[in-house]
Amino acid sequence: MNARAVVAVLALAVASAALTGCAPAEPDPSEVQAWLDEAPAEASDLLASLSGQAGPGVPSQDDNEEPEGITVTFETPVTVDRIDITCFGEATIFIEAEITGSPTTHAAETNELRCERGTFSLIEDIGAGNVTAVRVDAPTADVLTAWRATVHGSQG
C-alpha cells in the first residue's frame with residue numbers, strides 16, 4: 001500500500017470514529033422506563049405532569065392526522081404560567097405543546113432539545129388564563145428516550 005492510501009485509510013478511520021463518538025448510545029429500555037416511572041419534583045404551582053416515550057420505533061403521527069400526544073383536561077379553567085420539559089439520557093428530542101383556553105389557544109415547539117442539558121421551559125411567563133386543556137407531544141427523537149412535561153400555574 002502506498003503512502004497516500006495509508007493516509008486515506010487513516011483519515012477515514014479517524015472520521016468514522018469521530019462520527020461514531022458524536023452519536024448518542026441507545027439507552028437500555030428498562031432505564032428509560034425507570035426514569036419515566038419516577039414522580040416529578042414537587043412544586044407548589046404544579047398543575048399537571050404529562051410523560052411519554054419518543055424515539056425510533058415509537059409511533060408518531062402522520063402529517064394528515066390530528067395532533068397526538070398526551071392531553072390533560074382541567075375540570076375548572078386554570079392559569080398556565082409555564083411548561084417545563086425534561087427528558088432522559090443523551091437524546092435530541094423535538095417537543096410540541098398546545099394550551100387550549102378561552103379566548104385563544106397557544107402553541108409552541110422546540111427544535112433539537114438536548115436531554116442532557118436539563119430542564120427547558122417550553123412556554124414561560126405567558127399567564128394564559130381560562131385554560132381548559134394542555135397537550136404535549138414528542139413526535140421525534142434520535143434515540144429512545146422518555147420525556148416529562150410539568151405544567152405550572154394556578155387554579156382559577
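Just above, that's the structure.
Residues numbered from 1 in each chain as written. Predicted model: local features only at pLDDT ≥ 70, side-chain atom pairs only at ≥ 80, totals over all residues. Heavy atoms only, no water.

What follows concerns the overall build of the chain. When its secondary structure is counted, the chain shows 2 helices and 7 strands. Written out in order from the N terminus, the α and β elements of the chain read α-α-β-β-β-β-β-β-β. For the chain, the accessible area works out to roughly 9,200 Å², and carbon and sulfur atoms hold 52% of it. (Helix = DSSP H or I, 4+ residues; strand = E, 2+ residues; numbered from the N terminus. Areas by Shrake-Rupley, 256 points an atom, 1.4 Å probe, with all protein chains shown as cover.)

This model, assessed by the stated rule, comprises 1 disulfide. The disulfide bridge from Cys 87 ends at Cys 115, spanning 2.0 Å between sulfur atoms. The chirality of the disulfide connecting Cys 87 with Cys 115 is left-handed, given an S-S dihedral of about -110 degrees. In this pair, Cys 87 sits in strand S2 (residues 70-87) while Cys 115 sits in the loop between strand S5 (113-114) and strand S6 (120-141), placing the two residues 28 residues apart along the sequence. By relative accessible area, Cys 87 is classed as buried at 8%. When its relative accessible area of 5% is taken as the criterion, Cys 115 is described as buried. (Disulfide = S-S within 2.5 Å. Buried < 20%, exposed > 50% of the residue type's maximum accessible area, 1.4 Å probe, protein only.)

As a further point, take the packing of aromatic side chains. Considering all chains together, one arrives at 1 aromatic pair under this definition. The lysine or arginine in question, Arg 148, covers the ring of Trp 35, its NZ or CZ lying 4.6 Å from the ring centre. (Phe/Tyr/Trp six-rings, centres within 6.5 Å; stacked < 30°, edge-to-face > 60°. Lys NZ or Arg CZ within 6 Å of the ring centre and 35° of its normal.)

Per the stated rule, a full pass over the model turns up 4 salt bridges. In this structure, Asp 84 and Arg 82 form a salt bridge, with 3.0 Å as the shortest nitrogen-oxygen distance. Among the residues examined, Arg 82 registers a relative accessible area of 25% and is labelled partly exposed. Arg 135 serves as the salt-bridge partner of Glu 96, at 3.5 Å between the closest nitrogen and oxygen. Taken together, the residues Glu 96 in strand S3 (residues 92-101) and Arg 135 in strand S6 connect sequence positions 39 residues apart. For Glu 96, a relative accessible area of 14% puts it in the buried group. Among the charged side chains, a network of salt bridges with common partners joins Asp 45, Arg 82 and Asp 84. (Salt bridge = Lys/Arg side-chain N within 4 Å of Asp/Glu carboxyl O.)

What follows concerns the environment of Pro 27. Residue placement: Pro 27 occurs in the loop between helix H1 (3-22) and helix H2 (29-37). Spatially, the C-alpha atom of Pro 27 lies 6.7 Å from that of Leu 144, the residues being 117 residues apart in sequence. Apart from the residues lying within four places of it in its own chain, the contact partners of Pro 27 are Val 32, Phe 88, Val 143 and Leu 144. (Contact = heavy atoms within 4.5 Å.)

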